[in-house]
Amino acid sequence: LGLFEMQAAGLAEVGNPSELFLSDARASGVATIVACEGTRSLVVDLQALVNVTSYASPRRTATGIGTNRLHQILAVLEKHMGLPLSRFDCYLAVAGGLEVEEPAADLGVAAAVVASFRDLTLPAGTVLIGELGLGGQLRPVGQLELRLQEAARLGFKRAVVPKGSGLGPLAAGLDLALLEAESVSEALVLALGEQVRADG
């Protein structure tokens, strides 16, 4: 994948593409993932807005992520975390207009949705990587070391990843705290704290 921008003198290659897809300000409902396009890893912000619906059926809108994938993640969160998301509208967007089709973005989508629902802000310097299974489990993803290298290069300090990903010695040498989780609920507690759990 090559990224270019139009300038006065014509097309110029973007030297650090991840900067295009990151925002400086942290807000509730924003989570950061590391997506892979071919052999290039890109750090990308996901933004979610969850609001009480005024319709008979809640609205679901996704830009840059498949709508069916969003529906599946919302169902997993409702079933395994007890969140009443079927009564809320949910809007999701990938910053910068990038299309992210890989399941490694699932955990980031879930974190953005729950952060917006609970009005929480993810700690600065945190990335989330992992695929969600329908049983609420967190599955390993491909090219994890490559993703972690890119996150560390950009100054991120914490990465929430699936347990048992088989990380090699290359990842061990990174200045990055790896928080391993087996399930979506465990991962979101590691990322956001105990406030993410359903009300008693």
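Up top is the structure.
As a convention, each chain's residues are numbered from 1 in the sequence order in which they are written. Residues qualify for local features only when their pLDDT is at least 70, as the model is predicted, and side-chain atom pairs are given and counted only at 80 or more; totals for whole chains, interfaces and linings, by contrast, use all residues. Side-chain numbers here rest on the full set of heavy atoms in the structure, without hydrogens or water.

Enquirer: What exactly am I supposed to notice about the sheet that holds strand E5 (residues 60-63) here?
Expert: Across a sheet, strands are paired by hydrogen bonds formed along the backbone, either parallel or antiparallel in direction. One open sheet accounts for four strands, arranged E3-E4-E6-E5; its pairing is mixed. Both edges of this open sheet fall to strand E3 (30-37) and E5, since each of them pairs with a single strand only. Adjacent strand axes in the sheet meet at a mean angle of 20 degrees, parallel and antiparallel pairs treated alike. Strand pairing is assigned whenever DSSP detects at least two bridges linking the two strands. Under the DSSP-based scheme used, a helix requires at least four consecutive residues in state H or I and a strand at least two consecutive residues in state E, with every element numbered from the N terminus. Note that E3 and strand E4 (residues 40-52) share eight bridges and pair antiparallel. Paired with Val-30 across the bridge in E4 is Gln-47. On the sheet, helix H1 (residues 67-81) packs against E5 and strand E6 (88-94) and is oriented at approximately 125 degrees with respect to E5. We call two residues contacting when some pair of their heavy atoms lies within 4.5 Å. Note on definitions: angles span 0 to 180 degrees between N-to-C directions of axes, and those axes are lines fitted to C-alpha atoms, for helices only across the stretch in contact. Relative to E4, helix H2 (residues 106-118) is tilted by about 35 degrees, and along the sheet it contacts E3, E4 and E6.

Enquirer: Got a minute to help me understand helix H5 (residues 184-192) in this structure?
Expert: Counting buried positions along H5 gives seven out of nine residues, so the element sits mostly inside the fold. Residue exposure (1.4 Å probe, protein chains only): buried if accessible area is under 20% of the type maximum, exposed if over 50%, otherwise partly exposed. Residues of H5 that are buried include every one of Val-184, Ser-185, Ala-187, Leu-188, Val-189, Ala-191 and Leu-192, and no others. With its phi angle positive at about 100 degrees, Gly-193 sits one or two positions after the end of H5.

Enquirer: Is there a simple way to explain the packing of H2 against H5 in this structure?
Expert: A pair of packed helices can be characterised by two numbers: the angle between their axes and the separation between those axes. Viewed as axis vectors pointing N to C, H2 and H5 meet at an angle of 60 degrees, and their least axial separation amounts to 10 Å. Handedness of the crossing formed by H2 with H5: right-handed. Of the residues in H5, those touching H2 at Leu-107, Ala-110, Ala-111, Val-114 and Ala-115 are Val-184, Ala-187, Leu-188 and Leu-192. The sense of a crossing depends on the near helix, which, turned anticlockwise from the far helix by less than a right angle, makes the crossing left-handed and, turned clockwise, makes it right-handed.

Enquirer: I'm lost on the sheet that holds strand E10 (residues 158-162) in this one. Help?
Expert: With parallel pairing, the three strands of this open sheet are ordered in space as E7-E10-E11. Of all the strands in the sheet, the pair left with one neighbour each is strand E7 (126-128) and strand E11 (177-181). Looking at each pair of strands side by side, their axes are set apart by 25 degrees on average, direction ignored. Pairing of E7 with E10 involves three bridges; the strand directions are parallel.

Purely spatial values, then, with no claim about function.
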